[in-house]
Amino acid sequence: MWSRSNPPGGPSPPPRNDSVTITYNWRGDFDNAEVNALHAEAFETRVFDAAEWNWVELVHRHSLGWVVARDNSLLVGFVNVLWDGLVHAWIQDTMVAATARHRGIGVELVAVASRGAGRAGCEWLHVDFDEHLRPFYLDACGFTATSAGLIAL
């Protein structure tokens, strides 16, 4: 069995502070600069400015909700929840800061998003993802695999 004192095939990972409390807020406050920085880190892109990618405006215009995860005041996670205005919602842009990964933050972001969508009357929560994220969404978050289609525009 793997442990910090007896890791398989190598040295222990750097210590992490698991005693920190992460807070999760449905439709929580955030600013464009912090989400744009998190997005750049999560998706390995450049940092956009608010004139190019205005998250605050976009989520208020198009989203059912979103979840903000903070370690004290630092944004460490974000997920957007879009919807059809009726019974279908979907997860978009699940992001966790590199320094905060592997602590269950992504799973809790999705769980809070799921509860928020359910309270809004949604009956289905959808997600699409790249193959390497399959264990996260299907195993850790509890989504069921379905057939779907996609057209690149």
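To be clear, the structure that these remarks concern was listed above.
The following paragraphs examine the structure supplied in this document. (Residues numbered from 1 in each chain as written. Predicted model: local features only at pLDDT ≥ 70, side-chain atom pairs only at ≥ 80, totals over all residues. Heavy atoms only, no water.)

## Concerning the side chain of S63
1) Next: Of note, S63 is situated in strand β2 (residues 63–71).
2) Next: Judged by its relative accessible area of 9%, S63 falls in the buried class.
3) Next: There is a polar contact of 2.6 Å between the side chain of S63 and the side chain of N80.
4) Next: Beyond its immediate chain neighbours, meaning those up to four positions away, S63 contacts R27, L58, N80, V81, L82 and W83. (Helix = DSSP H or I, 4+ residues; strand = E, 2+ residues; numbered from the N terminus. Buried < 20%, exposed > 50% of the residue type's maximum accessible area, 1.4 Å probe, protein only. Polar contact = N/O pair within 3.5 Å; in protein donor to acceptor, adjacent residues only side chain to side chain. Contact = heavy atoms within 4.5 Å.)

## Looking at the pattern of salt bridges
1) Next: According to the stated counting rule, one finds five salt bridges in the structure shown.
2) Next: Between E57 and R61 there is a salt bridge whose closest N-O contact spans 3.1 Å. Placement of both E57 and R61 in helix α2 (residues 55–62) is noted, with a separation of four residues, approximately one turn of the helix.
3) Next: Residue E57 is classed as partly exposed on the basis of its relative accessible area of 42%. (Salt bridge = Lys/Arg side-chain N within 4 Å of Asp/Glu carboxyl O.)

## Comments concerning the environment of N32
1) Next: Topologically, N32 is positioned in helix α1 (residues 32–43).
2) Next: A residue is classified by how much of its surface remains accessible, and N32, at 14% relative accessible area, is buried.
3) Next: C-alpha separation for the pair N32 and W53, spaced 21 residues apart in sequence, amounts to 7.9 Å.
4) Next: Setting aside anything within four residues of it in sequence, one finds N32 in contact with A50, W53, N54, W55 and V56.
5) Next: A polar side-chain atom of N32 sits 2.6 Å from the main-chain amide nitrogen of W55.
6) Next: Side-chain polar atoms of N32 contact the backbone nitrogen of V56, separated by 3.0 Å.

## A look at the packing of aromatic side chains
1) Next: Under the criterion given, the structure shown has eight aromatic pairs.
2) Next: Their ring planes at 85° and their centres at 6.1 Å tell us that F30 and W66 sit as a pair that is edge-to-face. Taken together, the residues F30 in the loop between β1 (22–26) and α1 and W66 in strand β2 connect sequence positions 36 residues apart.
3) Next: Look at F30 and you get buried, because its relative accessible area is 12%.
4) Next: Put simply, the rings of F30, F48, W53, W55, W66 and F78 touch in pairs and so form one group of aromatic residues. (Phe/Tyr/Trp six-rings, centres within 6.5 Å; stacked < 30°, edge-to-face > 60°.)

## So, α1
1) Next: Between its first and last C-alpha, α1 extends 16 Å over 12 residues, near the 16 Å set by a 1.5 Å rise per residue.
2) Next: The complete set of buried residues in α1 reads N32, V35, N36, L38, H39 and A40.
3) Next: Considering only its buried residues, α1 is in contact with α2, β3 (74–83) and β4 (88–96).
4) Next: Capping the start of α1 is the job of one residue whose side-chain oxygen sits 3.1 Å from the backbone nitrogen of A33: D31. (Expected span 1.5 Å × (residues − 1).)

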